[in-house]
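Close look at the chain arrangement
Residue-level listing of the chains:
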Amino acid sequence: FDLHLQNADVVFLLDASASMDFGTGAVTKFEYGKFLVACLAWLSQRQGDRVGLVMLGEEMRDVVPPSGRHLQLLLHTLGRAKAHGEGNLAHTLERVTQMRSRAGIVVLVSDCYEDPAVIRKVLGNLRARRQDVILFHILDPAERELPLDAPNTFEDAETGARIPLRPDQLREKYATLMAEHRAALQRGATSGNLDYVAVDTDRPLDESLRRYLDFRLIGSHVR
């Protein structure tokens, strides 16, 4: 994995809101995200990059400043992190933007349960601060397909609000809305010169790792 690129600050932003603590397979979105960030950080440090981490919730949590010596601290922070509370990507990403005065790379791992236009705006602000940005949009298969058939009560993981629903009556509309949400995120990324990667937790990690390596070889312009 020798990418032959100039060393860079690479800051990983992992969504640690309660909605990430959901999973119907072997791992939750948050666990998958932690594995992904750990692998990407290891690859980045092997290249000679300075790696850092910010856990995102309503506020920034567990900030690890980028450094060539912080991989073990980053991994330790990931290992003890828990997903909880409400998320506020717009607010926390604006805080991250204020911290980034030096050109670098920002990698966001999130389920992106916010308005795509808002996400596009705050990530665009990062681009304006000389940050190359890659967004890993992570979802559980059940969030794509709404597989349940029987009437059920769904609870918002972040607010606790409970809503009775009939999945069999909503599945087609839900799938359409989810596809539109993903498409809007991708369009916003393309228009903002950001890199967008849709990640499903039932897919092998190496697919996301390969996309990141492609980004470093082709899309990243850090100087």
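Residues numbered from 1 in each chain as written. Predicted model: local features only at pLDDT ≥ 70, side-chain atom pairs only at ≥ 80, totals over all residues. Heavy atoms only, no water.

1. Some remarks on the sheet that holds strand β5 (residues 131-139)
Strands sit in the order β3-β2-β1-β4-β5-β8 across an open sheet of 6 strands; the sheet is mixed. Every interior strand has two partners, whereas the edge strands, β3 (60-67) and β8 (195-200), have only one. Pairs of neighbouring strands in the sheet enclose a mean axial angle of 15°, with direction left out of account. Sheet topology places strand β1 (residues 9-15) next to strand β2 (residues 50-56); 7 bridges connect them, and they run parallel. Bridging across to β2, aspartate 15 finds its partner in leucine 56. Where helix α2 (residues 71-80) meets the sheet, it contacts β1, β2 and β3, and its direction lies at approximately 20° from that of β2. (Pairing = 2+ DSSP bridges. Helix = DSSP H or I, 4+ residues; strand = E, 2+ residues; numbered from the N terminus. Axes fitted to C-alpha atoms, helices over the stretch in contact; angles between N-to-C directions. Contact = heavy atoms within 4.5 Å.)

2. What about helix α3 (residues 89-99)?
Those residues of α3 not exposed but buried are Leu89, Ala90, Thr92, Leu93, Val96 and Thr97. Check the buried side of α3 and you find it contacts β1, β2, β3, β4 (104-110) and α4 (116-128). (Buried < 20%, exposed > 50% of the residue type's maximum accessible area, 1.4 Å probe, protein only.)

3. Concerning α4
Its 13 residues place the ends of α4 18 Å apart at the C-alpha level, agreeing with the 18 Å of an ideal helix rising 1.5 Å per residue. Those residues of α4 not exposed but buried are Pro116, Ile119, Val122, Leu123, Gly124 and Leu126. Of the residues flanking the start of α4, the one acting as N-cap is aspartate 115, its side-chain oxygen 2.9 Å from the backbone nitrogen of alanine 117. Following α4 by one or two positions, arginine 130 adopts a phi angle in the positive range, close to 65°. (Expected span 1.5 Å × (residues − 1). Polar contact = N/O pair within 3.5 Å; in protein donor to acceptor, adjacent residues only side chain to side chain.)

4. Thoughts on the confidence of the model for the chain
Note: predicted coordinates in regions of low pLDDT should not be interpreted at a detailed level. Looking at the chain, the pLDDT average stands at 86 and 84% of residues meet or exceed 70. Ranking the elements of the chain by mean pLDDT puts strand β6 (residues 152-155) last, at 50, and α2 first, at 97. Low pLDDT (under 50) marks residues 1-5, which in the prediction has 14 contacts with non-local residues, meaning those over four places away or in another chain. (pLDDT = per-residue confidence, 0-100.)

5. Here's the deal with the packing of helix α1 (residues 29-47) against α2
Between α1 and α2, the shortest axis-to-axis distance is 10 Å and the interhelical angle comes to 180°. As far as their axial angle goes, α2 and α1 are roughly antiparallel. Contacts between α1 and α2 involve Lys34, Val37, Ala38, Ala41, Trp42 and Gln45 from the first element and Leu71, Leu74, Leu75, Leu78 and Gly79 from the second. Tallied by class, the residues present in the contact of α1 with α2 amount to 8 nonpolar, 2 polar and 1 charged. (Parallel < 35°, antiparallel > 145°, perpendicular 65-115°, else oblique. Nonpolar A, V, L, I, M, F, W, Y, C, P; charged D, E, K, R; others polar.)

6. Digging into unusual backbone geometry
Phi is positive for aspartate 62, close to 50°, though the residue is something other than glycine. You can see aspartate 62 is positioned in strand β3. For asparagine 193, which is not glycine, the phi dihedral falls at a positive 60°. Assessed through its relative accessible area of 52%, asparagine 193 is described here as exposed.

7. Focus: the pairing of β4
Taking burial as the measure, the 7 residues of β4 include 7 buried ones, the bulk of the element. The side-chain alternation of β4 yields two buried faces, one formed by Gly104, Val106, Leu108 and Ser110 and the other by Ile105, Val107 and Val109. For β4 and β5, the ladder comprises 7 bridges, and the chain directions are parallel. Within β5, the position partnered with isoleucine 105 by the bridge is aspartate 132. The parallel pair β4 and β5 is bridged by α4, and the resulting crossover is right-handed. (Right-handed = clockwise from strand over helix to strand, strands pointing away.)

8. As for the pairing of β5
Extensive coverage of β5 is indicated by the burial of 9 of its 9 residues. Burial of β5 is two-sided: the residues Gln131, Val133, Leu135, His137 and Leu139 facing one way and the residues Asp132, Ile134, Phe136 and Ile138 facing the other way are all buried. Sheet analysis places β5 next to β8, joined by 6 bridges and oriented parallel. Across the sheet, isoleucine 138 pairs through a bridge with valine 199, a residue of β8.

9. A few points about the environment of proline 116
Checked against the element boundaries, proline 116 lands in helix α4. Overall, proline 116 belongs to the buried group, its relative accessible area being 17%. With 66 residues separating them along the chain, proline 116 and arginine 182 place their C-alpha atoms 8.5 Å apart. Residue contacts for proline 116: discarding those within four places in its chain leaves His181, Ala184 and Leu185.

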